[in-house]
Amino acid sequence: MTATDVKFGEYGGQYVPEALMPAIEELTDAYERYVLENEDGFMDEFRQRLRDFGGRPLPLQRADHLSERYDTEVYLKREDLLHGGAHKLNNALGQVLLAKYMGKERIIAETGAGQHGTATAMAAAHLGLPCEIYMGERDINRQRPNVFRMKLNGSEVNPVTTGRGTLKEAISETMRDWATNVEDTHYVIGSIVGPAPFPAMVRDFHAVISEEAREQCKEQTGGLPDTVVACAGGGSNTMGAFANFVEDADTELVAVEAGGSSLDVDEAAGVAPNSASLSTGDEGVLHGARTKLLQDGDGQILESHSISSGLDYAGVGPELAHLVDEGRVRAANVDDDAALAAFHRLSRLEGIIPALETAHAFGWMEENPDELGDVTIVNVSGRGDKDLESVIEETEKRDVEGAVDVGEVFR
Amino acid sequence: MAENEALNEAFAGDAAFVPYLAAGDPSYEASLEYVEALERGGADVIELGLPFSEPIAEGSTIQEAVVRSLEGGMTPERFFEFVDDLDVDVPLVCMTYYNLIYQYGDDEGPRPFVEKAASLGLSGFVVPDLPAEEAGPLREACDEFGLDLVFIVAPTTAGDRLKRIMDQVSGYVYVQARLGVTGAKDDVSDQTGASLSRLREWDVPKAVGFGIKTGEHARAVVAAGADGVIVGSALVDIVAEGHEADTPVAETAERLESKTHELKQGALAGAGEDPESRGESLAESEPT
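Bear in mind that the values here come from a model prediction, so they are computed numbers and not experimental data.

Caption draft 1: Fine view of the overall build of chain A. Helix and strand content of chain A: 16 helices and 14 strands. Here the C-alpha coordinates of chain A stretch approximately 55 × 50 × 45 Å along the principal axes. Long-range pairs, those at least 24 residues apart, make up 73% of the contacts in chain A with a sequence separation of at least 6. Charged side chains of chain A number 36 positive and 73 negative; the gap between the two group centres comes to 4 Å.

Structure (structure tokens):
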């Protein structure tokens, strides 16, 4: 690992309790040997398992109706077709396999929407390691199907009741477990967040997204895309979709955050009713890294909000924060309403029910059709089955343009 | 490396006792009484927690203290007022997380926080999420203002890592008695003896914390070679019980004072033991 991959500009680093540092050094060593240098054929095995178990490579599909609607070429990178229904397996499989190569005997992970938890549970079952998932109580109630899936794959699901019971608290609680059981346990972190080497390593496992998309785009359109759009919470699908395009200066990279219900912060209540840390956050230190955060003037972390639990986080990956500061990645955001409308629109127009996270990327396109280049790739980071209950509930609360009344068939 | 005389002196006796409470738990006024009770009970140094919203190194006892204190309106600025209002003569060490130190004041970095702490007579810092690798700017600011920076050494810390930490530590080294997070336990970890023997070649005082709950634990830890004992959760438990039962503040303060006394006496008893037998004491304290 090069020095630039511990720090991304001023961001990144390793702000963790001392008890974890030896494990982080051990992980850094394993990352360098197995991932970067393919020792013992690790990356070959990873690629083969991604193909056989995960279903890669995945298509870059021309979205005919969106192309017509925006009068441009829109292509969808179909990560929703990865086993489990989201891009998350790329990283989970990579890390669980790495844990196995490192001789670890137990897997733990946090999850927000449950997509990383289900991916980790699948990977752990596939590779035969016991697994425990920490999930905020509020998210458990928002994402019941994913809880069942994790249990079915043989994982324990530990509810986290501190704070507001979402991803932030789940990460803190998983770090506490890791600090207690660090000698035999690997913490499969679910995004490009946390102490080095996690941000770089998680990016590398997801970089297969842009590696495939870049080649497919050249084959199918004869060139590189003008625009790549991905939603951004912690930022794992985002960096996976961007990684191989960062050097392509003519390709604009757009990270779409959750604008939630408002971009304004209620400091008295300690709440930022959004998850737009790239767009509105300040530099600070959380969960092992210096990055952009939603925090009050004292440095206390604010409670974030998004209609999509996978984006509902007060921080963001340090590399993404750096790329935004450098002007290489454009930070954008759309609110809950726009994301929900986009969810319905994509489902109806293209026959693809996207995750609510993913819907934010489509919401941005709808609001900014003039910003799209001749060829745009959107990363369809996951499918929306897990969100159906909350989409029905949230749609009933609003007047969503073009939304079907799903409830009517039951009446 | 700049050293704060106050911490050196506090560890000059037979065995130092270092209690921890979260400032402002459960209220500003009650907390002042509680911290002052620690001094009356025999504390040699007091670790005063400035609560952070994401205390990743804390177990449930201190997590709940953090919530009570934050809900009571504690902020870094209030914390400094609190320190100013406290009527204690023993050295105070601020225990907090790096983001609060980093964000304080107008200038970027830890300097304004350290400057303010120094102006109020604080003696040093413990920052559980700041390993030696990231501590450069805080160490520099502490040197500038003559404050100590205490580092935590975990049971997993050895070799080059241990050297890197011991190169930067001042005041005392916080020997983490067991893996995991803070919280009172019913036994003394047998990892403590091994940790202490790894540290033998360094002169800096060694204070053991994480999981210590009784005078007997304190005795065993000091008998195993520690220069001091740190206790947090077992004291925070008393604050929490008092809060839940709506006990008068004076009564809870009295309980804190007598618990502090018990722990300090335990530490002193350990220091008085025949050095020949000190290596074995830990095994004897294991629960049966």
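After that view, the rundown keeps rolling.
Caption draft 2: Representation of the overall build of chain B in the model. Of the regular secondary structure elements, chain B holds 14 helices and nine strands. Relative to its length of 288 residues, chain B is compact, with a C-alpha radius of gyration of 18 Å against a globular reference of 19 Å. Across the 288 residues in chain B, those meeting the buried criterion constitute 62%. Partitioning the intrachain contacts of chain B with sequence separation of at least 6 by distance along the chain shows that 74% fall at a separation of at least 24. Of the roughly 10,500 Å² of accessible surface on chain B, a fraction of 43% belongs to carbon and sulfur atoms.

Caption draft 3: How the structure looks around the packing of aromatic side chains. Residue and element names in this part refer to chain A. Within this structure, the stated rule accounts for 20 aromatic pairs over all chains. Ring centres of Trp 178 and Phe 198 lie 6.0 Å apart, and the angle between their planes is 65 degrees; on these two criteria the pair is classed as edge-to-face. Within this pair, whereas Trp 178 is found in helix α8 (residues 167-180), its partner Phe 198 is found in helix α9 (residues 198-206), the two being separated by 20 residues in sequence. The burial state of Trp 178 is the same as that of Phe 198; both residues are buried.

Caption draft 4: Geometry of the sheet that holds strand β5 (residues 106-111) of chain A. Residue and element names in this part refer to chain A. Spatially, β7-β6-β5-β8 is the arrangement adopted by the four strands of the open sheet, whose pairing is parallel. One side of each edge strand has no neighbouring strand; the edge strands of this open sheet are β7 (156-160) and β8 (185-187). Strand-to-strand twist across the sheet, computed as the mean angle between neighbouring axes with direction ignored, equals 25 degrees. Alignment of β5 against strand β6 (residues 131-136), held across five bridges, turns out to be parallel. Following the sheet pairing, Thr 111 is matched in β6 by Met 135. Packed on one face of the sheet, helix α7 (residues 144-152) meets β5, β6 and β7 and runs near 140 degrees to β7.

Caption draft 5: Spotlight on unusual backbone geometry. Residues and elements named next belong to chain A. At the junction of Arg 56 and Pro 57, the peptide bond is cis and its omega measures out at 0 degrees in the coordinates. One can find Pro 57 in the loop between α2 (42-52) and β3 (60-62). Within the chain, Asp 40 stands out as a residue other than glycine whose phi angle is a positive 55 degrees. With respect to the helices, strands and loops of the structure, Asp 40 is situated in the loop between α1 (21-36) and α2. Positive phi is not limited to glycine here, since His 287 has a value of about 50 degrees. With respect to the secondary-structure elements, His 287 resides in the loop between β11 (282-286) and β12 (288-293). Among the residues examined, His 287 registers a relative accessible area of 3% and is labelled buried.

Caption draft 6: Layout of the interface of chain B and chain A. Taken together, the contact between chain B and chain A spans 36 residues of the former and 34 residues of the latter. Both faces considered, chain B and chain A share a buried interface measuring about 2,800 Å² in area, 51% of it formed by carbon and sulfur atoms. Ranking the residues of chain B by area buried against chain A places Glu 54, Ile 56 and Glu 134 of chain B at the top, with a combined share of 23%. Linking chain B with chain A are five salt bridges, by the criterion used here. Here Arg 164 of chain B and Glu 25 of chain A are joined by a salt bridge, their closest N and O atoms 3.8 Å apart. At the boundary of chain B with chain A, the tally comes to 22 residue pairs in polar contact (both at pLDDT 80 or more). Contributions of two or more residues to the side of chain B that touches chain A are made by α3 (60-71), α5 (98-103), β6 (152-153) and α8 (159-168) of chain B. Per-element tally for the side of chain B that touches chain A: the top contributor is α5 of chain B, with five residues. By residue class, the composition of the side of chain B that touches chain A is 19 nonpolar, nine polar and eight charged.

Caption draft 7: Fine view of helix α16 (residues 388-397) of chain A. All names here are of chain A. Taken together, the buried positions of α16 are Ser 390, Val 391, Glu 394 and Thr 395. Buried residues of α16, viewed axially, fall in a sector of 130 degrees; they line one side. The exposed residues of α16 that point more than 90 degrees off its buried face are Glu 389 and Glu 396. Its buried side turned inward, α16 meets α14 (336-350) and α15 (356-367).

Caption draft 8: Quick peek at the pairing of strand β1 (residues 16-22) of chain B. Residues and elements named next belong to chain B. Taking burial as the measure, the seven residues of β1 include seven buried ones, the bulk of the element. Burial along β1 is two-sided: Ala 16, Val 18, Tyr 20 and Ala 22 facing one way and Phe 17, Pro 19 and Leu 21 facing the other are all buried. Note that β1 and strand β9 (residues 228-231) share four bridges and pair parallel. Note on β9: the bridge partner recorded for Phe 17 is Val 229.

Caption draft 9: Structural view of the pattern of salt bridges. Residues and elements named next belong to chain A. Evaluated as defined, the whole model comprises 51 salt bridges over all chains. A salt bridge links Arg 290 to Glu 10, with the shortest nitrogen-to-oxygen separation between them at 3.7 Å. Pair noted here: Arg 290 is in strand β12 and Glu 10 is in the loop between β1 (7-8) and β2 (11-15), with a separation of 280 residues, a long-range link. Residue Arg 290 is classed as buried on the basis of its relative accessible area of 10%. Note on Glu 10: relative accessible area 52%, which makes it exposed. Notably, a salt bridge pairs Glu 319 with Arg 203, separated by 3.0 Å at the nearest N-O pair. Highlighted residues: Glu 319 in helix α13 (residues 318-325) and Arg 203 in helix α9, separated in sequence by 116 residues. Taken individually, Glu 319 and Arg 203 each receive the classification buried, so the pair is uniform in this respect.

Caption draft 10: Highlighting the nonpolar core. In this structure, Phe 79, Phe 125, Met 166 and Tyr 172 of chain B are the most contacted members of the largest nonpolar core, which totals 197 residues. With eight residues, the top contributor of residues to this core is α1 of chain A. In terms of domain composition, this core takes at least three residues from each of domain 1 (8-53 + 88-202) and domain 2 (60-85 + 207-403) of chain A. In this structure, Leu 76, Phe 343, Ile 352 and Phe 362 of chain A belong to the second largest nonpolar core, which totals 29 residues.

Caption draft 11: Layout of the confidence of the model for chain B. This prediction gives chain B a mean pLDDT of 92; 94% of its residues lie at or above 70. Note that residues 283-288 of chain B has pLDDT below 50 and, in this model, eight contacts with residues that lie over four places away or in other chains.

Caption draft 12: Representation of the sheet that holds strand β13 (residues 329-335) of chain A. All names here are of chain A. The strand order across the open sheet built from six strands is β3-β4-β14-β9-β10-β13, with neighbouring strands paired in mixed fashion. Strands at the two margins of the open sheet, each flanked by one partner only, are β3 and β13. Taking each pair of neighbouring strands and ignoring which way they run, the sheet shows an average axis angle of 25 degrees. In this structure, strand β9 (residues 227-231) lies alongside strand β14 (residues 375-379), joined through three bridges in parallel fashion. Across the sheet, residue Thr 227 finds its bridge partner in β14, namely Thr 376.

What counts and how
Residues numbered from 1 in each chain as written. Chains lettered and ligands numbered in written order. Predicted model: local features only at pLDDT ≥ 70, side-chain atom pairs only at ≥ 80, totals over all residues. Heavy atoms only, no water. Helix = DSSP H or I, 4+ residues; strand = E, 2+ residues; numbered from the N terminus. Contact = heavy atoms within 4.5 Å. Lys, Arg positive; Asp, Glu negative; His and termini not counted. Charge placed at Lys NZ, Arg CZ, Asp CG, Glu CD. Rg over C-alpha atoms; globule rule 2.2 N^0.38 Å. Buried < 20%, exposed > 50% of the residue type's maximum accessible area, 1.4 Å probe, protein only. Areas by Shrake-Rupley, 256 points an atom, 1.4 Å probe, with all protein chains shown as cover. Phe/Tyr/Trp six-rings, centres within 6.5 Å; stacked < 30°, edge-to-face > 60°. Pairing = 2+ DSSP bridges. Axes fitted to C-alpha atoms, helices over the stretch in contact; angles between N-to-C directions. Buried area = accessible area lost by both parts, 1.4 Å probe. Salt bridge = Lys/Arg side-chain N within 4 Å of Asp/Glu carboxyl O. Polar contact = N/O pair within 3.5 Å; in protein donor to acceptor, adjacent residues only side chain to side chain. Nonpolar A, V, L, I, M, F, W, Y, C, P; charged D, E, K, R; others polar. Arc of directions from axis to C-beta. Core = buried A, V, L, I, M, F, W, Y, C linked by side-chain atoms within 4.5 Å. Domains from an automatic or database assignment. pLDDT = per-residue confidence, 0-100.

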